[in-house]
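Given next are the chains, with one letter for each unit.
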Amino acid sequence: MQGLKVRLAADRLSLGAPGDEWAIDKLSLRASGKRQGQPFELALEAPALMLSEQAASAEPVSATFKSGSGNAVVASMGLDGLSGNVKEWRFRTLSLDGAVRSGQRLGSLRLTSPLNWDVAARQGALTALKGDLVLRDEHQPDQEYAFPMIGSVHVDAAKEVADMDISAMVDGAQTSLKAQVAGWQALATRFVLKSERLDLDPWLAPAAPARSESGSRSGSPDEGADTPPAKPDDSTRQAGFDLAFLEHLDLDGDVGVADLRAHGVQFNKVQAHLRAQKGVLTLSGVKAGLYEGALAGHFQVSADHRFSAKMDLTRVAVDPLLQAALGRPVLSGRLGLNLSLDTVGDTGDALLANLGGRADWQVADGAVLGIDAQRTLTEVARSLSNVLKGRLDAVSSPFDDQGRTPFSQLGGRLDLDKGQGTLSRLILASDLLRVTEGDPAQLSLTGRTLDVILLVQVAARLPQALKGALDPLAGATLPVHIEGPWADPSYSVRWSDVRNQAVQQVVKTGLMDLLEGRDPLDQAQLPDVDGGGLAPESPQDPVERIGKALKGLLGK
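Residues numbered from 1 in each chain as written. Predicted model: local features only at pLDDT ≥ 70, side-chain atom pairs only at ≥ 80, totals over all residues. Heavy atoms only, no water.

**Student:** Kindly report on helix α1 (residues 318-326), identifying the contributing residues and their values.
**Tutor:** Of the residues making up α1, those classed as buried are Val318, Leu321 and Leu322. What you see down the axis of α1 is that its buried residues fit within an arc of 95°, all on one side. Looking at the buried side of α1, the elements it contacts are β17 (265-277), β18 (280-290), β20 (306-317), β21 (331-344) and β22 (356-371). Where α1 terminates, the next one or two residues include Gly327, which has phi positive at roughly 90°. (Buried < 20%, exposed > 50% of the residue type's maximum accessible area, 1.4 Å probe, protein only. Helix = DSSP H or I, 4+ residues; strand = E, 2+ residues; numbered from the N terminus. Arc of directions from axis to C-beta. Contact = heavy atoms within 4.5 Å.)

And the structure:
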């Protein structure tokens, strides 16, 4: 504590040893200073108080406390209805009103309880505590979240220990907190927190809008090509977050939540051990049920802005997980995931720029939903054959709400270093095709862009039902180049690199060049080839549609 200033005034002040008579008239106490680098102010008013061996009486006592820059913490206390005697004080009502501000969020607490205090033993209790905790966010001025609570608190000042037992209603479900706080100079808290239901979505920041180094793709290809990116000014830089409070935090406890929701994802039977000491907060032994599977993890954050996370998912049902997280199920199957990440920074951008680690995943016996690869590849093969016969067939959209492309295996590995990712391994295997990574295979988390070649190999030994229909593509490997911003990447097939007779014939005749990049409405005006004319059966560019079909197969 630094810079302590105290001012005391009273018309009468007679304070004896414990057990002696007390008499106070118009007492006023003021104190100010700094504690742990934060300014504080304390004010106490006691108009009249009489304590003797036979009786005790007082007019209401009030106190206020403010701490932190901008009055981040404000509290007021009132004592009323004193009875008992000089050795044992009994207040009919203790009232406590407090408010804590953190950024745009405000928490307020209102509590009342009878208070008993044994002067000689220096022990006391709030025997019937009740009140409300109310949380508000300035970004949601019309919403507030109130949590009614009841409980008790017992204090032993001689041992510097306080025990509390609190029950509250959170999201309409029961939550209990049992805690012990020890050491008035350096608070050490041990606790057990249990809740039937907890919804974190109202308090989690929404996902940031997608940005990319290459900008929007809605303009012309050359638009802004020679214009250097604008340098961020102070108004656009992210405000850093401060984790210095971890230096003074001493917590150790167990957390259990029967039903937890975060970012739309539902976890059940969550268990974790939380420990915060010496500037490091650790969540260890994390276990939870997650969509018919299991999650295990270990997470850590330190006061110097270092973060690390390790997580394993086992046999998690993919489709309900993606439905909850993304709003649409694009895969089915059982997911296994091993994730290990670390980073450092005091802003979201800095955390992404320093992100390193790896992710290994495996989805077994699943399907790509909304895509019918068998139908699409059959139409691609037919279109390539018919181009040489002077006919231009359409390839229908690969997207079909009822369609599905089963696979036996979907696995991969992503290695991260300073916010840049390398897809070092990828495999999608089915009876019909096999997809692996090519070169390049890069993803930028900071720029939210990707530059990846996927090698799509059609099975050389086709299922009996598809022989004939897919013979022109049997054994062919189609390199698909995906690049650009995540939100709107471009897809192209490197036809000249395809070692397949049917494709090479189309490339050698120049028909691929005629079709590539043409507007579908211009197809009817293509020049005659071998006098036969290219009369399209449908105003669609098959090469363009093939690219879109592969986009559907690989990019959805």
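**Student:** Could you give an account of the packing of aromatic side chains, with specific residues and numbers?
**Tutor:** Tallied over the full model, the rule gives 3 aromatic pairs. Ring centres 6.3 Å apart and planes at 25° place the aromatic pair Phe40 and Phe65 in the stacked group. With Phe40 in strand β4 (residues 38-51) and Phe65 in strand β6 (residues 61-67), this pair connects stretches of sequence that are 25 residues apart. For Phe65, a relative accessible area of 31% corresponds to the partly exposed category. When the centroid spacing of 6.2 Å and the interplanar angle of 85° are considered together, the rings of Phe241 and Phe307 count as edge-to-face. With Phe241 in the loop between β15 (198-199) and β16 (251-262) and Phe307 in strand β20, this residue pair connects regions lying 66 residues apart in the sequence. Accessibility expressed as a relative area gives 25% for Phe307, which makes it partly exposed. (Phe/Tyr/Trp six-rings, centres within 6.5 Å; stacked < 30°, edge-to-face > 60°.)

**Student:** Which residues make up the pattern of salt bridges, and what are the values?
**Tutor:** This model, assessed by the stated rule, comprises 14 salt bridges. A salt bridge links Arg12 to Asp25; the shortest N-O distance between them is 3.2 Å. Of this pair, Arg12 sits in strand β2 (residues 12-15) while Asp25 sits in strand β3 (residues 22-35), and the two are 13 residues apart along the sequence. A relative accessible area of 24% means that Asp25 is categorised as partly exposed. Between Arg110 and Asp97 there is a salt bridge whose closest N-O contact spans 2.7 Å. With Arg110 in strand β9 (residues 105-118) and Asp97 in strand β8 (residues 88-102), the pair connects residues that are 13 residues apart, well separated along the chain. Accessibility expressed as a relative area gives 28% for Asp97, which makes it partly exposed. A network of salt bridges, in which partner residues are shared, links Arg358, Asp360 and Arg425. (Salt bridge = Lys/Arg side-chain N within 4 Å of Asp/Glu carboxyl O.)

**Student:** Run through the pairing of strand β12 (residues 161-170), naming residues and quoting values.
**Tutor:** Across 8 bridges, the pairing between strand β11 (residues 140-156) and β12 is antiparallel. By the bridge assignment for β12, Ser152 is matched with Asp165. The antiparallel hairpin formed by β11 and β12 contains 4 residues in its connecting segment, where Glu160 sits at a positive phi of about 55°. Relative to strand β13 (residues 173-182), β12 runs antiparallel, the two sharing 10 bridges. Bridge pairing in β13 links Asp163 to Gln180. (Pairing = 2+ DSSP bridges.)

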